[in-house]
Number of protein chains: 4
Amino acid sequence: MAGNSFGQIFRLTTWGESHGPAVGCTVDGCPSGLPLEPEAIQRELDRRRVGQSKVSSQRQEPDQVQILSGVFEGRTTGSPITMLVFNTDAKSGHYENIKDLYRPGHADYSWDAKYGFRDWRGGGRSSARETIGRVAGGAIARLLLAREGISIIAYTLQMGDLCAEVFDEDEIERNIMRCPDARVAALMVERVDQARRSLDSLGGIVEVRARGVPPGLGEPVFDKLQAEIGKAMFSIPAIKGVEIGEGFGVAGLRGSEHNDPFVRREDGRIGTVSNRHGGILGGISTGEEIVIRLAAKPPASIAQAQQTVDREGNAATIEVRGRHDPTVLPRLVPVAEAMLALVLADHLLRQRTARA
Amino acid sequence: MAGNSFGQIFRLTTWGESHGPAVGCTVDGCPSGLPLEPEAIQRELDRRRVGQSKVSSQRQEPDQVQILSGVFEGRTTGSPITMLVFNTDAKSGHYENIKDLYRPGHADYSWDAKYGFRDWRGGGRSSARETIGRVAGGAIARLLLAREGISIIAYTLQMGDLCAEVFDEDEIERNIMRCPDARVAALMVERVDQARRSLDSLGGIVEVRARGVPPGLGEPVFDKLQAEIGKAMFSIPAIKGVEIGEGFGVAGLRGSEHNDPFVRREDGRIGTVSNRHGGILGGISTGEEIVIRLAAKPPASIAQAQQTVDREGNAATIEVRGRHDPTVLPRLVPVAEAMLALVLADHLLRQRTARA
Amino acid sequence: MAGNSFGQIFRLTTWGESHGPAVGCTVDGCPSGLPLEPEAIQRELDRRRVGQSKVSSQRQEPDQVQILSGVFEGRTTGSPITMLVFNTDAKSGHYENIKDLYRPGHADYSWDAKYGFRDWRGGGRSSARETIGRVAGGAIARLLLAREGISIIAYTLQMGDLCAEVFDEDEIERNIMRCPDARVAALMVERVDQARRSLDSLGGIVEVRARGVPPGLGEPVFDKLQAEIGKAMFSIPAIKGVEIGEGFGVAGLRGSEHNDPFVRREDGRIGTVSNRHGGILGGISTGEEIVIRLAAKPPASIAQAQQTVDREGNAATIEVRGRHDPTVLPRLVPVAEAMLALVLADHLLRQRTARA
Amino acid sequence: MAGNSFGQIFRLTTWGESHGPAVGCTVDGCPSGLPLEPEAIQRELDRRRVGQSKVSSQRQEPDQVQILSGVFEGRTTGSPITMLVFNTDAKSGHYENIKDLYRPGHADYSWDAKYGFRDWRGGGRSSARETIGRVAGGAIARLLLAREGISIIAYTLQMGDLCAEVFDEDEIERNIMRCPDARVAALMVERVDQARRSLDSLGGIVEVRARGVPPGLGEPVFDKLQAEIGKAMFSIPAIKGVEIGEGFGVAGLRGSEHNDPFVRREDGRIGTVSNRHGGILGGISTGEEIVIRLAAKPPASIAQAQQTVDREGNAATIEVRGRHDPTVLPRLVPVAEAMLALVLADHLLRQRTARA
């Protein structure tokens, strides 16, 4: 039983391989009557695509989206929306040498163990190109959320010991690291440059926030909002840790420190004085800002010689060629936003069925 | 659309409230012919139940399980297995005073925001008693896994700055903290005692491991093994962070440090020299040990006076009475094991459909 | 992957075997705030239970329902509702002789072929007692539908060449055949008596109708309303045919005869002049009455000697003892109503997510 | 919650509108390693397409399939398989006049009632062109079934009082009615000609059979094999009745007539002497041939003047132009086969998880 769909009501299915004819997705369950212009999708795909800067892969792909169904006279019809992007700059030759070798840190071996063989060209289905479908689907989810006053933002928070100290929201899209602290961003870029020159790669942390989320979203006891977010985020390539609110910091806190007191806001609504809980209590949104952090591993594709084995288990040395990202952080930002948008859009619709 | 079921093929549904007549679960999709004795279920429930020691709640519940269906002459039949435990020591009187108040750190407010009202007796559905159904279902999953040579273990790793330094597996069930380091366990117990005396509670970290998992489990791209584990773990009450392998540590690593080289083992199988990846690559198990860590917040129920509001938003002071755990860590251990067992049993069955 | 749940949003799971400790069900996804008294459930179970008359089985079961969760102070909470009925008059001795024999027309052989063995006591899971869970869940669905002005009715339409000629709705629950034509009902009872005396059983046709269904329910292209109804009805034991509106009669009609002209009603709403379409067009309800007919086979349990084989394939003669229904028709009526109610409740909730 | 996917493990999603850029589908859950040539898909699409003969629509569409993902070096990879067909002969002008009118027997009104508006060009999503995705997905399912020795066949059985009296399997694809009786086929063609000349259309019955189905497929109690088949068939446009085995004929039978005695076959396997049950008992396949009949209504699109209303409810007269089928029967044949193949492929995979 395969797992290429996400969401129960607002449901995204992605498909396609890195070096196949195209990658794309279908959104089923998008409500009818939502104004939808292709530009809204393209804008998000442009933020995600490669070749944007020296901190990302040099593969050149325009990633031009085509909408094939589900939209009529500028509005969604309630029928499935299929979108695709043709692959144009696939250079499979780069991958011939790794056809029978298992790249360390990659899915080559586990994929073979699962399916018996794999499409090895450019990572096939396990390529980050798969996230194009997520970003396209997430763009529609964001349109739905925007109508309810919900907005989502993500940014690079940390890389090694470099951590944003200033939060200037306008700065985020101005620097190629998508870091809200211009000074730290510059240091990060320098460090990425160094890593690339030494044929290496770097990990880091991205933070994601959602504002304007109404209280009441999330479905206990298994589809709690943090559980769905956890799944969404851990499904993104390279993610090894997810935390909400105080996250791992709770291990050192006492209840009297961690509990956020409730209070009535000036607008009459109930909220909390502080937000250590990160916007979710008991698996249900509280109306406070949702705050999540993701740990992304250093990209596995590095041009250094590495020890490995071939499909028969014979020892071998491998140098991963191709055009790779020395860090995933800036391109992870739109993907993380998309995944959070998908979770929230789904739960916004699920909540419509919660009361008689 | 509610969310009280977990798993696609091996599917658990839990139901019941803390102070209702009973709590229980149904497992649908358990294969036929699995030997199943009630003792196997009861043993796990006994590890989870309250009143075991001074570090857990003093509520007295025998938690005696009854199997109502799906088992015939000691074997599963392939039909749904329903198990229940009657609630016997429910003292709703303790909760009368919080009927209209929102306890800080609890689901009271968000639950009201979602459903319009709530069963306030003992936390109702958001009580940790709900995890009885998880542990009962997980016990069956473990039987299925055991036949394939898969075992699961969890333990208290850390509480504040106290971290297990020794890993003595036999020690785990010997101390009431379920910590593999006897010396550190004693310090933890002392600290819990202090916290309780000061009417407070403590957070910490539990580690979970699975051994003997064959390579090939997990369903890209959304039902990757780490995504399903992430969801499972974040659905447990009190969890605010989940990490796999190096986890948040990857933020400070370079690719050349993080990639685990592949190697042929003496038994001819392919494995990795180190296990920084935590047993999952590309969303699929590699055959290496699966290693996960969970951050559990300090229990929200503390007997100190706290500021809050009532349902109308009027400021109020609350002291949470009842019989509460000053730390969830030792009782979290069997619940975390159960959730990992459920994920793996489900994916073991899903893998049966992966190849033609 | 097992199949003991029905519905996507309003989701029923049934469990239990004929001679196990209990049979029951869980409804997940029932909206919160729905007034629910146990009497509403019991009333429907009483209509379904055995021993009501000489045309049904003589097994004596009070079928007293207990609600174990999901209801608080007389209203649904939004949490799963579990209901059960303990089995009290199970006489497994009756079945000892068929433990190793395959009863013609029964699921004994196919069940063994699927699961490797079976709970043979009283038919185990394939017993009609399983429908208790359906009727209990359907009773809740009906409460939800009633708030929207939707009502459901079913009745015995035909048995052999005896077909109701008069439709007197009040008559239905007055006679033991649940036939809307008192005169024909009397003839049917006589025929059933004859059949029982000759150790035989009889098939027939039940008609089911839903009134007050708003236009717009149903989810093309696979979850069309008639597709969901078709699945629901074919999942009831004994059903071999389902038709909607004109049904098989369409094979002899021309488009000009079959198309129902649209018209504006006096209340301003759009409807059709005739209702050959049976209330559904393009998979979506039109607002006209939904009309379905079900063909139920003669019960397979007959006391005559029949040829069969044992588990090893050796020829044998079998006489099915036990307390059986010579016709399922009157007891099928509440089950068919329940299944239609479940489909409509689910789609009523699904429709809430159809528009932006 | 939308309904454009079918199947649990072998899962088909279709998308696209009659006059949009393309129609297509994604199959998720097809096992890896299945040999797949585009010709196998194209062959089935050619059987389904329009313009084949004078008994079907004159729209000219080559329906050339493109496979965009999930196949590598001639074999399925286990990743989702997306296939599409571009629309080339869409003449939306034909439909301008029905933009605001509700065609009798069509989904126009109910679609508007559901979604608030509709893509009216050529029927939009409710066009029979949607079945292209079903036939493409079904073609893959058939490849999977063929490896297990399962074959599927369908044919026109009846039109009005014309019913095939001879069953010559080789004849089916030789005549344009796809009727196994050459003489009756000729009479049917004549009758269709007459109907078209009188601007009318005709209903009829298609029979579908599956051979070589192993005993054990089907998932009680809700996903019984007949329930899944019932859903599949009722999801096809124009179907108003479905029956299995004796179907509605059971209403006139006694148990002693209807029960099929079990017997040991010459090959040692257990089977039944007769096949009145149609290959399914208790919701599980018995190994006997599966036999289903479908009643298809006369196509709603007829060129005669018909009474109807516009969107505001004003009375109007409508003549449905465009290029329509005077009977759906011959083109229904490959679609019905595809749907049965999808059900069986799904349950073949589900059965792999039934035993420990």
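Conventions and cut-offs
- Residues numbered from 1 in each chain as written.
- Chains lettered and ligands numbered in written order.
- Predicted model: local features only at pLDDT ≥ 70, side-chain atom pairs only at ≥ 80, totals over all residues.
- Heavy atoms only, no water.
- Least-squares fit on C-alpha atoms with pLDDT ≥ 70 in both.
- Contact = heavy atoms within 4.5 Å.
- Helix = DSSP H or I, 4+ residues; strand = E, 2+ residues; numbered from the N terminus.
- Expected span 1.5 Å × (residues − 1).
- Buried < 20%, exposed > 50% of the residue type's maximum accessible area, 1.4 Å probe, protein only.
- Salt bridge = Lys/Arg side-chain N within 4 Å of Asp/Glu carboxyl O.
- UniProt positions renumbered as here; feature names shortened; annotations may be inferred.
- Polar contact = N/O pair within 3.5 Å; in protein donor to acceptor, adjacent residues only side chain to side chain.
- Pairing = 2+ DSSP bridges.
- Buried area = accessible area lost by both parts, 1.4 Å probe.
- Nonpolar A, V, L, I, M, F, W, Y, C, P; charged D, E, K, R; others polar.
- Axes fitted to C-alpha atoms, helices over the stretch in contact; angles between N-to-C directions.

## Observations concerning the relation of the copies chain A and chain D
Link 1 in the chain: Superposing chain A onto chain D requires a rotation of 180° together with a translation of 0.0 Å along the rotation axis, leaving an RMSD of 0.0 Å. Expressed as a symmetry operation, the mapping of one chain copy onto the other fits a two-fold axis.
Link 2 in the chain: Of the residues that chain A buries at the interface, 100% are likewise interface residues in chain D, meaning the two copies contact each other through the same surface.

## Here we look at helix H7 (residues 329-351) of chain C
Link 1 in the chain: Between its first and last C-alpha atoms H7(C) spans 32 Å; for 23 residues at 1.5 Å apiece the expected length is 33 Å, and the two agree.
Link 2 in the chain: Burial analysis of H7(C) places 23 of its 23 residues in the buried class, the great majority of the element.

## Quick word on the pattern of salt bridges
Link 1 in the chain: Overall, the coordinates contain 148 salt bridges over all chains when judged by the stated rule.
Link 2 in the chain: With a shortest N-O distance of 2.8 Å, C:Glu243 and C:Arg293 are connected by a salt bridge. On the criterion of sequence distance, the pair formed by C:Glu243 in strand E11 (residues 239-244) and C:Arg293 in strand E16 (residues 290-296) is long-range, its members being 50 residues apart.
Link 3 in the chain: According to the relative accessible area criterion, C:Arg293 is buried, its value standing at 13%.
Link 4 in the chain: Salt-bridge contacts for D:Arg196 lead to D:Asp193; the nearest nitrogen and oxygen are separated by 3.0 Å. With a gap of three residues between them, D:Arg196 and D:Asp193 both fall in helix H4 (residues 182-197), about one helical turn apart.
Link 5 in the chain: Judged by its relative accessible area of 31%, D:Arg196 is partly exposed.
Link 6 in the chain: D:Asp193 sits in the buried class, given a relative accessible area of 16%.

## Regarding the UniProt feature "binding site: FMN" (unreviewed entry) in chain A
Link 1 in the chain: Under the local residue numbering, the UniProt record ascribes the feature "binding site: FMN" (unreviewed entry) to A:Arg125, A:Ser126, A:Ser127, A:Gly282, A:Lys297, A:Pro298, A:Pro299, A:Ala300, A:Ser301 and A:Arg323. For the residues just named, distributed over 199 residues, the greatest C-alpha separation reaches 43.9 Å, placing them at more than one site.
Link 2 in the chain: When you line up the elements, A:Arg125 lands in the loop between helix H2 (108-115) and helix H3 (131-146).
Link 3 in the chain: The residues touching A:Arg125, leaving out its near neighbours within four places in the chain, are A:Asn4, A:Thr14, A:Trp15, A:Gly16, A:Glu17, A:Trp111, A:Glu130, B:Val221, D:Ser79 and D:Pro80.
Link 4 in the chain: Among the polar contacts made by the side chain of A:Arg125, one reaches the main-chain carbonyl oxygen of A:Gly16 at a distance of 3.0 Å.
Link 5 in the chain: The topology assignment puts A:Ala300 in the loop between strand E16 (290-296) and strand E17 (305-309).

## Considerations on the relation of the copies chain A and chain B
Link 1 in the chain: Superposing chain A onto chain B takes a rotation of 180° plus a shift of 0.0 Å along the axis, which leaves an RMSD of 0.0 Å.
Link 2 in the chain: A symmetric contact is evident, with 100% of the interface residues of chain A recurring at the interface of chain B.

## Here we look at the pairing of strand E11 (residues 239-244) of chain D
Link 1 in the chain: Across the six residues that make up E11(D), a large majority, six, are buried.
Link 2 in the chain: Of the pairings in the sheet, the one linking E11(C) to E11(D) comprises three bridges and is antiparallel in character. Note that in E11(D) the partner of C:Val242 across the bridge is D:Val242.
Link 3 in the chain: Strand direction decides the pairing type here: E11(D) and strand E16 (residues 290-296) of chain D, joined by five bridges, are antiparallel. Paired with D:Ile239 across the strands is D:Ala296, a residue of E16(D).

## Description of the interface of chain A and chain B
Note: interface size is frequently given as the accessible area lost on complex formation between the parts.
Link 1 in the chain: The partner chain B presents 110 residues to the 110 residues of chain A that form the contact.
Link 2 in the chain: Summed over both sides, the interface between chain A and chain B buries roughly 8,500 Å², with carbon and sulfur atoms accounting for 59% of that surface.
Link 3 in the chain: The largest contributions to the chain A side of the interface with chain B come from A:Met1, A:Lys114 and A:Phe222, which together make up 11% of the buried area.
Link 4 in the chain: Connecting chain A to chain B are eight salt bridges.
Link 5 in the chain: A:Lys231 is paired through a salt bridge with B:Glu228; the nearest N and O atoms lie 3.1 Å apart.
Link 6 in the chain: Taken together, chain A and chain B are joined by 67 residue pairs in polar contact (both at pLDDT 80 or more).
Link 7 in the chain: Top element by residues in the side of chain A that touches chain B is H2(A). It accounts for seven residues.
Link 8 in the chain: Per-class residue counts for the side of chain A that touches chain B are 48 nonpolar, 38 polar and 24 charged.

## Structural notes on the sheet that holds strand E9 (residues 162-163) of chain C
Link 1 in the chain: The sheet built from 10 strands is open, its strands ordered E9(C)-E8(C)-E10(C)-E16(C)-E11(C)-E11(D)-E16(D)-E10(D)-E8(D)-E9(D) with antiparallel pairing. With one partner strand each, in any of the chains shown, E9 of chain C together with strand E9 (162-163) of chain D form the two edges of the open sheet.
Link 2 in the chain: Contacts from helix H4 (residues 182-197) of chain C reach strand E8 (151-159) and E9 of chain C, with the element oriented near 60° to E8(C).
Link 3 in the chain: Lying on the sheet, helix H5 (residues 225-234) of chain D is in contact with E11 of chain C together with E11 and E16 of chain D; it crosses E11(D) at an angle near 155°.

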